[in-house]
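Residues per chain, in single letters:
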Amino acid sequence: MVTASVTLGAAVGVFGISFGVGAVSAGATVLQACAMSLLVFTGASQFSAVSVIGAGGSTASALGGAMVLAARNGVYGLTMGRRIEGPVARRLVAAQLTIDESTAMSVAQEDVAAQRAAFWITGLSVYVFWNIGTLLGALLGNAIDPRTFGLDAAFPAGFVFMVWPLLRTPRGRIAAALGSAICLALVPFTPVGVPILCSALAVLVGLPDDERWPDRRPAQ
Amino acid sequence: MSWTLVLALAAGAYACKAIGFFLLGRRTLAPALERCLALIPAAVVSALVMKDTFSTGQHLVIDARVAGVAAATVAVWKRAPFVAVIVIAAGVTAGVRALA
């Protein structure tokens, strides 16, 4: 699991480089690019804000689009906040690390101890690599295109690996299918970020009680 | 780029994370709500797979990523380790992209 977390972190680092390059070419200083990765720490929002500014958009429009993307981390927080224990200070740090990768890697684990470990190791690994990548990209000004190496497919592939154990129950499979369908149906019609948020509505499949959903009964 | 944007986005993004993280606290919820919460990762991570595989911005697209993610899914099904899954996805995608 540590290997997986570090691998994922390294892939994120390459995108960090491309974020650093993009931020500086959109007019950010090296310090601003690094401050964004250190403080904002949610890649999709950062890329979105930088691309709006780079295209000549206003601060307000850059902020609006980026916030829609950031909102899904609140949904992850609902899941992770109940699993991560410790003093408030530690939980405040954990909140900053609550992103796609740390949440997905955590929920793929079998027991609560492993879920907590996976959250912290993945969150910290991604944090370190993302920020080193940003600094390198901002300083270098140009770098490799992650797409050349197929790294844009590394994330969905990693997410397939992480979601796989959640598909064991009928309810999990239905939520996954419904979430996928909602996302794809909304992509062409809503701003970027909205489809992921709305996919969370698929959890309503959890409402009917177990008698109609035999997923907690032992296998026959 | 203005510092206003950097700092406002930092505050807003952290607020999103923290609100979700601390909203429910230790309270015990109704079983139906607990079941719904437990399904968030299945629904949302699946949606991330779809978005990252089939879309670019607001456009649905079929490109080299589909081949890479399909190969990776077979690898996951065959219980390949995480690193192998990532390498297969990136390799197949880069290969198809180079040939196309």
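Thresholds, definitions, all that
Residues numbered from 1 in each chain as written. Chains lettered and ligands numbered in written order. Predicted model: local features only at pLDDT ≥ 70, side-chain atom pairs only at ≥ 80, totals over all residues. Helix = DSSP H or I, 4+ residues; strand = E, 2+ residues; numbered from the N terminus. Buried ≥ 20, exposed ≤ 12 C-beta atoms within 10 Å, placed from the backbone. Domains from an automatic or database assignment. Contact = placed C-beta atoms within 7 Å. Nonpolar A, V, L, I, M, F, W, Y, C, P; charged D, E, K, R; others polar. Axes fitted to C-alpha atoms, helices over the stretch in contact; angles between N-to-C directions. Parallel < 35°, antiparallel > 145°, perpendicular 65-115°, else oblique. Left-handed = near helix turned anticlockwise from the far one by under 90°. Core = buried A, V, L, I, M, F, W, Y, C linked by C-beta atoms within 7 Å. Expected span 1.5 Å × (residues − 1).

Undergrad: An account of the overall build of chain A is requested, with residue identities and associated values reported.
TA: A count of helices and strands for chain A gives eleven helices and zero strands. Mapped from its N terminus to its C terminus, chain A presents α and β elements in the order α-α-α-α-α-α-α-α-α-α-α. In terms of overall dimensions, chain A has C-alpha extents of about 60 × 40 × 35 Å along its principal axes. Looking at chain A as a whole, 54% of its 220 residues are labelled buried.

Undergrad: Please provide a residue-by-residue account of the domain arrangement of chain A, values included.
TA: Residues and elements named next belong to chain A. Taken as a whole, chain A is organised into domain 1 (2–147) and domain 2 (168–220). Taken over C-alpha atoms, the centre of domain 1 sits 25 Å from the centre of domain 2. Across the boundary between the two partners, domain 1 contributes seven residues, which contact seven residues of domain 2. Across the side of domain 1 that touches domain 2, the residue classes break down as four nonpolar, two polar and one charged.

Undergrad: Tell me about the interface of chain B and chain A, and please be specific about residues and values.
TA: Contacts between the two partners involve 64 residues from chain B, matched on the other side by 86 residues from chain A. Put simply, the parts of the chain that give the side of chain B that touches chain A at least two residues each are helix H1 (3–23), helix H2 (31–38), helix H3 (40–54), strand E2 (59–60), helix H4 (64–77) and helix H5 (82–99) of chain B. Top element by residues in the side of chain B that touches chain A is H1(B). It accounts for 18 residues. For the side of chain B that touches chain A, the class distribution of residues is 44 nonpolar, 14 polar and six charged.

Undergrad: Hey, could you go over the packing of helix H5 (residues 72–80) of chain A against H1(B) for me, with residue numbers and the actual values?
TA: Where H5(A) contacts H1(B), the axes come no closer than 7 Å and their chain directions differ by 25 degrees. Relative to H1(B), the element H5(A) lies roughly parallel. Where H5(A) crosses over H1(B), the handedness of that crossing is right-handed. In this structure, H5(A) contributes Asn73(A), Gly74(A), Val75(A), Tyr76(A), Gly77(A), Leu78(A) and Met80(A) to the contact, and H1(B) contributes Cys16(B), Lys17(B), Ile19(B), Gly20(B), Phe21(B) and Leu23(B).

Undergrad: Please give an account of the nonpolar core that cites residues and values.
TA: Of all hydrophobic cores here, the largest spans 104 residues; its most connected members are Ala157(A), Ala43(B), Val85(B) and Ala89(B). At eleven residues, helix H1 (residues 2–25) of chain A tops the list of elements feeding residues into this core. When sequence neighbours within four positions are dropped, the list of residues in contact with Ala43(B) reads Ala175(A), Ala176(A), Leu178(A), Gly179(A), Ser199(A), Ala200(A), Ala202(A) and Val203(A).

Undergrad: Provide a residue-level description of unusual backbone geometry, including the pertinent values.
TA: Not every positive phi belongs to a glycine, and Phe41(A) is a case in point at roughly 45 degrees. Structurally, Phe41(A) is set in the loop between helix H2 (30–39) and helix H3 (43–54). Its identity as a non-glycine residue notwithstanding, Arg79(B) has a phi of 65 degrees, on the positive side. Topologically, Arg79(B) is positioned in the loop between H4 and H5.

Undergrad: Can you explain the environment of Ala67(B)? Please cite residues and give values.
TA: Residues and elements named next belong to chain B. For alanine 67, the position within the fold is in helix H4. Each C-alpha atom, one on alanine 67 and one on alanine 13, is 33 Å from the other, the two residues being 54 residues apart in sequence. Setting aside anything within four residues of it in sequence, one finds alanine 67 in contact with Val92, Thr93 and Val96.

Undergrad: Account for the environment of Leu140(A), naming residues and giving values.
TA: Residue position: Leu140(A) is located in helix H8 (residues 112–140). For Leu140(A), a count of 13 C-beta atoms within 10 Å translates into the label partly exposed.

Undergrad: Describe H3(B), naming the residues involved and giving the relevant values.
TA: Counted at 1.5 Å a residue, the expected span for H3(B) with its 15 residues is 21 Å, and the 21 Å between its end C-alpha atoms agrees. Of all 15 residues that make up H3(B), 15 are buried, and the element is covered over most of its length.

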